[in-house]
Amino acid sequence: MLTLLEDKIATPLGPLWVLCDETFHLRAVEWEEHSDRMVELLNIHYRKEGYTRRPATNPGGLSRKLLDYFEGDLAVIDTLPTATAGTPFQREVWKTLREIPCGHVMHYGQLAEMLGRVGAARAVGAANGSNPVSIVVPCHRVIGRNGTLTGYAGGVQRKEWLLRHEGYLLL
């Protein structure tokens, strides 16, 4: 059975759940008001009876590192280890999301092209939307073809804040 260590941190955008395994690989990062979505994804990925959650304070230093990101150390998220379930295609999309540099964005079609799957923008968007490790796997860096801030499970206002924080959007 998988044991998930969980912590909740206060961020400028509201409380954030941080869940990792016992080797301190992030398995989920989710906003508190979307914790139902997080549990649903955990149940899909690990089966409801396949994992337990245990409270922990700053497991593996991950909570502190996420706080460092919110305090301006933007590069720290590139160093955080993740271990996600999901389909091979989803994991491929999530891996590629981590290659989008901080302060940059791309649209779903460009991400599909990077994956060698021209014309699969909708499938890429669906995989992007089921990302269990938001912020660290920066799904907020994917925008609509016309530049609109669309498709962020944490809310468009958070997406806008994260992109401003990373220097893509100017005040």
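Residues numbered from 1 in each chain as written. Predicted model: local features only at pLDDT ≥ 70, side-chain atom pairs only at ≥ 80, totals over all residues. Heavy atoms only, no water.

As named in an unreviewed UniProt entry, the protein is Methylated-DNA--protein-cysteine methyltransferase, taken from Kluyvera intermedia. We quote the UniProt Sequence similarities (unreviewed entry) comment for the protein here in full: "Belongs to the MGMT family." The UniProt entry for the protein carries the following comment under Function (unreviewed entry): "Involved in the cellular defense against the biological effects of O6-methylguanine (O6-MeG) and O4-methylthymine (O4-MeT) in DNA. Repairs the methylated nucleobase in DNA by stoichiometrically transferring the methyl group to a cysteine residue in the enzyme. This is a suicide reaction: the enzyme is irreversibly inactivated." (UniProt positions renumbered as here; feature names shortened; annotations may be inferred.)

(A) Region of the structure containing helix α3 (residues 88–97). Those residues of α3 lying buried are Gln-90, Val-93, Trp-94, Thr-96 and Leu-97. Along the axis of α3, the buried positions cluster into a sector of 160 degrees, meaning they face one direction only. Projecting away from the buried face of α3 at angles above 90 degrees are the exposed residues Pro-88 and Lys-95. Buried-residue contacts for α3 involve α1 (35–46), α4 (108–114), α5 (121–129) and β6 (142–143). (Buried < 20%, exposed > 50% of the residue type's maximum accessible area, 1.4 Å probe, protein only. Helix = DSSP H or I, 4+ residues; strand = E, 2+ residues; numbered from the N terminus. Arc of directions from axis to C-beta. Contact = heavy atoms within 4.5 Å.)

(B) Representation of the packing of aromatic side chains in the model. What the rule picks out here adds up to 4 aromatic pairs. Ring centres of Tyr-46 and Tyr-51 lie 6.4 Å apart, and the angle between their planes is 70 degrees; on these two criteria the pair is classed as edge-to-face. With a relative accessible area of 9%, Tyr-51 lands in the buried category. Aromatic side chains Phe-70 and Trp-161 sit 5.9 Å apart centroid to centroid with 35 degrees between the ring planes, which places their arrangement in the tilted category. (Phe/Tyr/Trp six-rings, centres within 6.5 Å; stacked < 30°, edge-to-face > 60°.)

(C) The arrangement of the packing of α3 against α5 in detail. One can describe the packing of α3 onto α5 by two numbers: an axis separation of 9 Å at closest approach and a directional angle of 80 degrees. Taken together, α3 and α5 sit at an angle that is classed as roughly perpendicular. Touching Phe-89, Gln-90, Val-93, Trp-94 and Leu-97 of α3 are Ala-123, Val-124, Ala-127 and Asn-128, all from α5. Taken together, the residues of the contact of α3 with α5 break down into 7 nonpolar, 2 polar and no charged. (Axes fitted to C-alpha atoms, helices over the stretch in contact; angles between N-to-C directions. Parallel < 35°, antiparallel > 145°, perpendicular 65-115°, else oblique. Nonpolar A, V, L, I, M, F, W, Y, C, P; charged D, E, K, R; others polar.)

(D) Just empty space enclosed by the protein, in detail. For the structure shown, the criterion picks out 1 cavity of 30 Å³ or more. Lining the largest cavity, in full, are Glu-30, Trp-31, Arg-37, Asn-128, Gly-129, Asn-131, Ser-134, Cys-139, Gly-151, Tyr-152, Ala-153 and Gly-154. Broken down by secondary-structure element, the contributors of at least two residues to the lining of the largest cavity are β3 (26–31) and α5. Residue composition of the lining of the largest cavity, grouped by class: 4 nonpolar, 6 polar and 2 charged. (1 Å grid on protein atoms, 1.4 Å probe; cavity = no way out; pocket = protein on both sides within 12 Å on 5 of 7 lines; lining within 4 Å. Points joined across faces, edges and corners; volume = space filled by probe spheres on them.)

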